[in-house]
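Each chain, written out:
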Amino acid sequence: MAVMKQSVVALLPALTILAGCAGMGGPPEDIMTRVPVVEIGKPEPADKNYVLHVPAGKTIPIHVSVKGPLVLHPGETNLQIQLTQGLYIYKDWSSLDGMNWTHQAFAGRVSLGLAPKGGIVDIYVDRPN
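Read on for a plain summary of the structure.

The rules behind each value
- Residues numbered from 1 in each chain as written.
- Predicted model: local features only at pLDDT ≥ 70, side-chain atom pairs only at ≥ 80, totals over all residues.
- Heavy atoms only, no water.
- Core = buried A, V, L, I, M, F, W, Y, C linked by side-chain atoms within 4.5 Å.
- Buried < 20%, exposed > 50% of the residue type's maximum accessible area, 1.4 Å probe, protein only.
- Helix = DSSP H or I, 4+ residues; strand = E, 2+ residues; numbered from the N terminus.
- Pairing = 2+ DSSP bridges.

**With respect to the nonpolar core**
- Counting 12 residues, the largest nonpolar core consists of Val38, Ile40, Tyr50, Leu52, Val54, Ile60, Ile62, Leu83, Leu87, Ile89, Ala105 and Phe106.
- Of all the secondary structure elements, the ones that give two or more residues to this core are β3 (51–54), β4 (60–66) and β6 (87–90).
- With seven residues, the next largest nonpolar core counts Val51, Tyr88, Trp93 and Trp101 among its residues.

In structure tokens:
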């Protein structure tokens, strides 16, 4: 059973943190006391300035959609995942401990394919080195 696959580098859309200018300094050391820390799933502050906290094991809802000019009837679904480690996100920065910040929260890839049994979508998520 042959499967046509095309791999692309992608990040989960609800938690996308892209690599930025590594030479720039991170958030202030006291950022965790300067802005509210909001756990995923809770309401965000009106000014949208907060640290997002995703505790290890906390269920994260993920919305996935498939659409485009090749698709006659777009499809979508909701998934629920959990992270093995807690994660803090502030603007385009992320941290595992709330003190050491980096511009890239995730490394990963998405594989798309078609086989006689139907479509195949694999999303692989890891921490960058």
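**Quick notes on the side chain of Ser94**
- Among the structural elements, Ser94 can be located in strand β7 (residues 93–95).
- Taking the relative accessible area as the measure of exposure, Ser94 reaches 0% and is therefore buried.

**Observations concerning the pairing of β6**
- Here β6 shows two buried faces, one formed by Leu87 and Ile89 and the other by Tyr88 and Tyr90.
- Examined bridge by bridge, β3 and β6 share three bridges and lie antiparallel to one another. Of the residues in β6, the one forming a bridge with Val54 is Leu87.
- Here β6 pairs with β7 via three bridges, running antiparallel. Along β7, the bridge assignment pairs Ile89 with Ser94.
- In this structure, the hairpin formed by β6 and β7 is closed by a connection of two residues, where Lys91 is found at a positive phi of approximately 55 degrees.

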